[in-house]
Amino acid sequence: MSKILLIGASSAIAQALQENSNKDFIALSRSAGNLDLEGDLSELDDLGPISGMVYFPGTINLKPFAMLKEEDYLADFNVNVLGAVKVLKKVINNLKEAEGASVVFVSSVAANLGLPYHASISASKSALEGLAKSLASEYASAKVCFNVVAPSLTNTPMAGNLLKTDRQVEANEERNPMKQIGKPEQIANSINFLLDAHNNWMTGQIIPVDGGMGNLK
Ligand SMILES: NC(=O)c1ccc[n+]([C@@H]2O[C@H](COP(=O)([O-])OP(=O)(O)OC[C@H]3O[C@@H](n4cnc5c(N)ncnc54)[C@H](OP(=O)(O)O)[C@@H]3O)[C@@H](O)[C@H]2O)c1
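As the structure is a prediction and not an experimental result, all values here were calculated from the model.

Undergrad: Tell me what's going on with the overall build of the protein chain, and back it up with residues and numbers.
TA: Looking only at helices and strands, the protein chain has five helices and six strands in total. Element order for the protein chain, N to C, with α for helix and β for strand: β-α-β-β-α-β-α-β-α-α-β. By the compact-globule yardstick of 17 Å for 217 residues, the protein chain fits well, its C-alpha radius of gyration being 17 Å. Expressed as a percentage of contacts within the protein chain between residues at least 6 apart in sequence, the contacts between residues at least 24 apart total 71%. When the accessible area of the protein chain is evaluated, it comes to approximately 11300 Å², of which 52% is carbon and sulfur surface. Charged side chains of the protein chain number 18 positive and 23 negative; the gap between the two group centres comes to 5 Å.

Undergrad: Pulling in residues and values, what's your account of the site of the ligand?
TA: Near the ligand lie 25 residues; those nearest to it are Ser-10, Ala-12, Ser-31, Phe-56 and Thr-156. At a separation of 3.5 Å, an oxygen atom of the ligand approaches a polar backbone atom of Gly-8. At 3.0 Å, a side-chain N or O of Lys-125 approaches an oxygen atom of the ligand. Protein contact buries 86% of the 890 Å² of open area that the ligand shows by itself. Of the residues assigned to the shell around the ligand, the class counts are 12 nonpolar, 11 polar and two charged.

Undergrad: Go over the packing of helix H2 (residues 70-97) against helix H3 (residues 119-138) with me, naming the residues and quoting the values.
TA: At their nearest, the axes of H2 and H3 sit 8 Å apart, and the two run at 20° to each other. Classified by the interaxial angle, the pair formed by H2 and H3 is roughly parallel. Here H2 and H3 pass one another in a crossing that is right-handed. For the pair H2 and H3, the contacting residues are Asp-72, Tyr-73, Asp-76, Phe-77, Asn-80, Val-81, Ala-84, Val-85 and Leu-88 in the first and Ala-119, Ser-120, Ile-121, Ser-124, Lys-125, Ala-127, Leu-128, Leu-131 and Leu-135 in the second. The residue inventory of the contact of H2 with H3, partitioned by class, reads 12 nonpolar, three polar and three charged.

Undergrad: Give me the lowdown on the pattern of salt bridges, citing residues and values where you can.
TA: In total, this model carries four salt bridges according to the counting rule given. Among the ionic pairs, Asp-196 bridges to Lys-23, the shortest N-O distance being 2.5 Å. Of this pair, Asp-196 sits in the loop between helix H5 (184-195) and strand E6 (206-209) while Lys-23 is found in the loop between helix H1 (12-20) and strand E2 (25-28), placing the two residues 173 residues apart along the sequence. Residue Lys-23 is classed as buried on the basis of its relative accessible area, which comes to 14%. Across the salt bridge formed by Asp-45 and Lys-90, the nearest N and O atoms sit 2.9 Å from each other. Remark: Lys-90 occurs in helix H2 and Asp-45 occurs in the loop between E2 and strand E3 (50-55); sequence separation between them is 45 residues.

Undergrad: Please provide a residue-by-residue account of the nonpolar core, values included.
TA: Counting residues in hydrophobic clusters, the biggest one holds 30 residues, and the most contacted among them are Leu-5, Val-87, Leu-95, Phe-105 and Phe-146. Elements with a minimum of two residues in this core: strand E1 (3-7), E2, E3, H2, strand E4 (101-106), H3 and strand E5 (144-151). Excluding anything up to four places from it in sequence, Phe-105 contacts Tyr-55, Ala-84, Leu-88, Leu-128, Leu-131, Ala-132, Phe-146, Asn-147, Val-148 and Val-149. Ala-9, Ala-16, Val-149 and Val-209 belong to the second-largest nonpolar core, a separate cluster that totals 19 residues.

Reading the values: rules and limits
- Throughout this document, residue positions are counted from 1 along each chain, in the order its sequence is written.
- At least 70 in pLDDT is required for a residue's local features to be given in this predicted model, at least 80 for side-chain atom pairs to be given and counted, and no such filter applies to totals for whole chains, interfaces and linings, which use all residues.
- Each side-chain value is worked out from all heavy atoms of the structure, with water and hydrogens disregarded.
- Comment: elements are numbered from the N terminus, with helices defined as DSSP H or I runs of at least four residues and strands as E runs of at least two.
- Restricting the calculation to C-alpha atoms gives the radius of gyration, and the globule rule supplies 2.2 Å times the number of residues raised to the power 0.38.
- Between two residues, a contact is recorded if the distance between any of their heavy atoms is within 4.5 Å.
- All accessible areas in this document rest on Shrake-Rupley with a 1.4 Å probe, and a residue is counted as covered only by the protein chains that are shown.
- Neither His nor the chain ends is counted toward charge; the positive residues are Lys and Arg and the negative residues Asp and Glu.
- Note on charges: their place is set at NZ of Lys, CZ of Arg, CG of Asp or CD of Glu.
- Residue proximity to a molecule or strand is established when one non-hydrogen atom of the residue lies within 4 Å of it.
- We define a polar contact as two N or O atoms separated by no more than 3.5 Å, with the added condition that, inside protein, one atom must be a possible hydrogen donor and the other a possible acceptor, whereas residues neighbouring each other in sequence contribute only through side-chain atom pairs.
- Note on residue categories: nonpolar means Ala, Val, Leu, Ile, Met, Phe, Trp, Tyr, Cys or Pro, charged means Asp, Glu, Lys or Arg, and polar means any other residue, Gly included.
- For helices, the axis comes from a line fit to the C-alpha atoms of the stretch in contact; other axes are also lines fit to C-alpha atoms, and the angle between any two N-to-C directions lies between 0 and 180 degrees.
- Angular relationships are summarised with four words: roughly parallel below 35 degrees, roughly antiparallel beyond 145, roughly perpendicular across 65 to 115, and oblique for the angles in between.
- By definition, turning the near helix anticlockwise from the far helix through less than a right angle yields a left-handed crossing, and turning it clockwise yields a right-handed one.
- Note on definitions: salt bridges are taken to be side-chain nitrogens of Lys or Arg within 4 Å of carboxyl oxygens of Asp or Glu.
- Note on classification: 1.4 Å probe, protein chains only; a residue is buried when its accessible area is under 20% of the maximum for its type, exposed when over 50%, partly exposed between these limits.
- Definition of nonpolar core: a set of buried residues of the types Ala, Val, Leu, Ile, Met, Phe, Trp, Tyr and Cys, connected through side-chain atoms within 4.5 Å.

Below, the structure written as structure tokens:
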């Protein structure tokens, strides 16, 4: 079985995936020093066939619209979207070689549900979802599936500032239909499902993993 490339393998959700799956991963991250999305990405040369790729890097930059600068939008777009494009340009042929590969992006409930202060991240994650659907169509005949998992607030370092106090935790639980903040393993389990070869007739889908937040009152 060929390997699955994890970009942003240091993320809490990626860590949960590695802990709870017996798949064979190639783990790259900025903090491990083997991933530089601004660099030449030569670490992606000569990988051979890979049966999947998950792109985890993301940002959180919640501000009122009036305070968001053009640079904020560009920074969010670079990490959330352009990084995925750069990686895929390097590895798309490796994915095709596997003859049945699965690519998973991590979006956010904020792409589907209008939330205040999310203008920049919503724009970026919506772009990421559009990218996934377009590539799913373009590479369907090459048997490369593209799907997206869209979490709501999940207990990871990224969400740390929103979950600092008991009051913040309670308010965020209350906002969710299931009265819960997500756990990294709940998101990771959905990604693991999409990476399974026997699920490779699913493509072009945006899958909310959000306690119903995006669709339910
Ligand atoms: N947590 C939530 O509430 C939530 C909700 C919706 C969507 N998401 C999405 O879930 C994904 C994973 O995040 P997480 O919640 O697991 O948070 P996390 O543990 O804080 O992970 C964030 C990841 O992004 C990487 N990253 C950020 N900027 C980068 C850059 N310029 N170059 C390379 N890597 C970069 C970090 O890399 P290093 O650690 O190596 O620096 C880290 O691996 C993100 O795409 C996020 O948007 C999270």
